[in-house]
Amino acid sequence: MLKSNQSASAPAFLIALVFWLAMYHQLSSPVVLAWAGAIHLNQIVRYVWVRRDARKFETPEDNPKSAMLLLFLLGVNGAIWGSAALLFLPLSDVLIASFVVVVTLSIHSGGMTWMAPVKAAVISFSVPLTLLLTLALLRKEETVYWVGGVLIFLYAMTSWKYAMQHHKLLADSLFARYEKVALAEQLAEQVELVELASQEKTRFLAAASHDLRQPLHAIALCSAVLEISLRNGPDHDTADRLLKSIHLLGNSFDAMLDISRLDAGTVQAAVAPTPLQSVFEGLNGVFSEEADERGLELRVRSTPLWVYTDANLLQRMLENLAANALKYTPQGGVVVVARQRQEKVWIDVRDTGIGMAPDQIKRIFDEFYQVNNPGRDRSKGLGIGLSIVDRLSRLLGHPILVRSREGRGSLFRLVLPSASAEQHAGQPGFPTGQAAPGAGLPERVMVLDDDDDVLYAIATLLQMHGVETTCVGSPNEAWTALQNEPHDAPHTVLLCDVRLAKGEDGLVFATSLAKKMLHPPKVILLTGETAPDSLQRLRESGFEVLFKPVGAQTLLATLARAVR
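Residues numbered from 1 in each chain as written. Predicted model: local features only at pLDDT ≥ 70, side-chain atom pairs only at ≥ 80, totals over all residues. Heavy atoms only, no water.

Asks: Just give me the short version of the sheet that holds strand β8 (residues 444-448), but keep the residues and values in it.
Replies: Taken in spatial order, the five strands make up an open sheet running β9-β8-β10-β11-β12, and their pairing is parallel. Edge strands, defined here as strands with exactly one partner in the open sheet, are β9 (468-472) and β12 (544-547). Neighbour-to-neighbour, the strand axes of this sheet turn through a mean angle of 20°, independent of strand direction. Of the strands in this sheet, β8, β10 (493-497), β11 (522-527) and β12 are in contact with helix α18 (residues 552-562), which crosses β12 at around 175°. (Pairing = 2+ DSSP bridges. Helix = DSSP H or I, 4+ residues; strand = E, 2+ residues; numbered from the N terminus. Axes fitted to C-alpha atoms, helices over the stretch in contact; angles between N-to-C directions. Contact = heavy atoms within 4.5 Å.)

Quick look at the structure:
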């Protein structure tokens, strides 16, 4: 356990640093600084103690006083992390609450892993953390916080149970090290526990992703409506800054969830013949406006090539590479091009940016590392975009090569297997839901969602752009409205949430319309799902899919494309 404490010290320090910096940026409160001082002091004391005393004894029984000091420091550490919820949650800000809860539970999960060999360490660290976090949520008046508090307490109970079982397995394995049969049995049990823990983490990440994306989706759309309403007023700059901050938060949230899902092994690649042109069109739609605003040239060259890949994951990789290239290109531009090289296809993302030194190239795929950003400028993201690219390249088997010169720019090259015309015949690409915004919006749109805030935000946004909108909260309401619609003014598009109230499924309802109606509306699905089986269902449906939180420009662009 002592060696684990040493190896975990640097990541724990970095996580705490990033956490309190983010909280101080949001709250600007001296309480945050006091909390930061307490957590870092505790970390430093533990690190110094372990470095000094770790070699003096192998087990707690060898030096009881030192062992009690370590347990006390771990308990204080857990209490400090748990107190973050008491100090920062009372602001009733759902975004801050979500951030605090996710980070605190991540610290708890990581700590339980390396403290499992010692029962007392698990109890000293976990109990104050989870109790304080649960208490902070139960103090809130909103029902959702009460439910969250109960779920976190149940999660803690389950974690304690698995930690104790893990402890027992470790002890038994040590005692039975010379008994091959007993060791095999213990390893089998340990593998089973790991699989159960992995399944539990998968379910937790999927639920957290959906539940946290939903309010962020509503906030993003409402902010877009506010920005449009104040466009010619004195408060427009404030609204615009709010919209940009929410956009950054959404990107950071997506990135953190992507890292968690990739590390948990819950992302599964559905490799199939894919047309690169459809991926490139989506990429151009996402970044063309940003490039124009910054006076940069973005050239995404058309291509007839097909490759073997997961279209959605490839889109994510290229978006991260393009975003990184634009971020570090003060002048000039970015070029994205695909070339055939025998049985392979090269996709190059080249920029004329600041470039990198050789020692920096070795670190760019590390989490939270950013070139020339010592002050952690939040407009440059969290520094995990390329880390996601690295993980996805290994998942898909697409090697990535990097070349760069300081002051001259950088080249990122993906190497993909080529697909022939016979192999890709009749194979549709996975819809990305990205396109450049344009005119020609549908006249009438129906929105099916069980969240009143989302309905209000979408309806207000569409009405501002002259689109007549019908809002419904259930498939029955939607079907009734479709049956009663005027023949000369039907609903052209259905914006349909996938997970609805009372266990109803928006995808099932959308699929049934093709059998019930002669001319059904075009369907665009909205979802916060991230579970692999759910993504596979969406992929196979053939419908356009937008993943929450959806920005106003992306939503409008997708609607315009749907009626072309």
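Now, onward.
Asks: Pulling in residues and values, what's your account of the pairing of strand β2 (residues 297-300)?
Replies: Residues Leu 298 and Val 300 line the buried face of β2, whereas the alternating positions Glu 297 and Arg 299 sit on a face that is not buried. Taken together, the four bridges between β2 and strand β4 (residues 333-341) define a ladder with parallel strand orientation. Within β4, the position partnered with Leu 298 by the bridge is Val 334. (Buried < 20%, exposed > 50% of the residue type's maximum accessible area, 1.4 Å probe, protein only.)

Asks: Lay out a nonpolar patch on the surface with the relevant residues and their values.
Replies: Together, Leu 131, Val 147, Val 150, Leu 151, Phe 153, Leu 154 and Met 157 line one region of the surface with nonpolar side chains, adding up to about 600 Å² of accessible area. Here the nonpolar patch gets six residues from one element, more than from any other, and that element is helix α6 (residues 143-175). Following the sequence through the fold, Met 157 ends up in helix α6. (Patch = residues over 30% accessible without salt bridge, like charges linked within 9 Å, V, L, I, M, F, W, Y side chains within 5 Å. Areas by Shrake-Rupley, 256 points an atom, 1.4 Å probe, with all protein chains shown as cover. Salt bridge = Lys/Arg side-chain N within 4 Å of Asp/Glu carboxyl O.)

Asks: Lay out the packing of aromatic side chains in plain terms, naming residues and giving numbers.
Replies: The final tally for this structure, using the stated rule, is six aromatic pairs. Considering the side-chain rings of Phe 19 and Trp 81, the 5.5 Å spacing of their centres and the 50° angle between planes classify their relative orientation as tilted. Pair noted here: Phe 19 is in helix α1 (residues 2-27) and Trp 81 is in helix α3 (residues 64-88), with a separation of 62 residues, a long-range link. Neither residue differs from the other here; Phe 19 and Trp 81 are each classed as buried. Plain terms: the ring middles of Phe 19 and Phe 88 are 6.3 Å apart, the flat faces sit at 50° to each other, and that makes the pair tilted. Here the residue Phe 19 occupies a position in helix α1, and Phe 88 occupies one in helix α3, the gap between them amounting to 69 residues. No difference in accessibility class separates Phe 19 from Phe 88, as the two residues are buried. A network of ring pairs unites the aromatic residues Phe 19, Trp 35, Trp 81, Phe 88 and Phe 99 as a single cluster. Taking NZ or CZ as reference, Arg 341 lies 5.1 Å from the ring centre of Trp 346, over its face. The ring centre of Trp 479 lies 4.9 Å from the NZ or CZ of Lys 516, which sits over that ring. (Phe/Tyr/Trp six-rings, centres within 6.5 Å; stacked < 30°, edge-to-face > 60°. Lys NZ or Arg CZ within 6 Å of the ring centre and 35° of its normal.)

Asks: Could you give an account of the nonpolar core, naming the residues involved and the relevant values?
Replies: Counting residues in each nonpolar core, the largest one holds 38 residues, and the members touching the most others are Leu 276, Leu 314, Leu 318, Leu 321, Ile 347, Phe 412 and Leu 414. Taken together, the elements giving at least two residues each to this core come down to α9 (276-293), β2, α10 (311-327), β4, β5 (344-351), α12 (385-396), β6 (400-405) and β7 (409-419). Of all the elements, α10 adds the most residues to this core, at eight residues. Discounting chain neighbours no more than four positions away, the residues touching Leu 276 are Thr 303, Leu 305, Val 307, Leu 314, Ala 338, Val 345 and Ile 347. Listed in part, the 35 residues of the second largest apolar core include Trp 20, Met 23, Ile 39 and Val 101. (Core = buried A, V, L, I, M, F, W, Y, C linked by side-chain atoms within 4.5 Å.)

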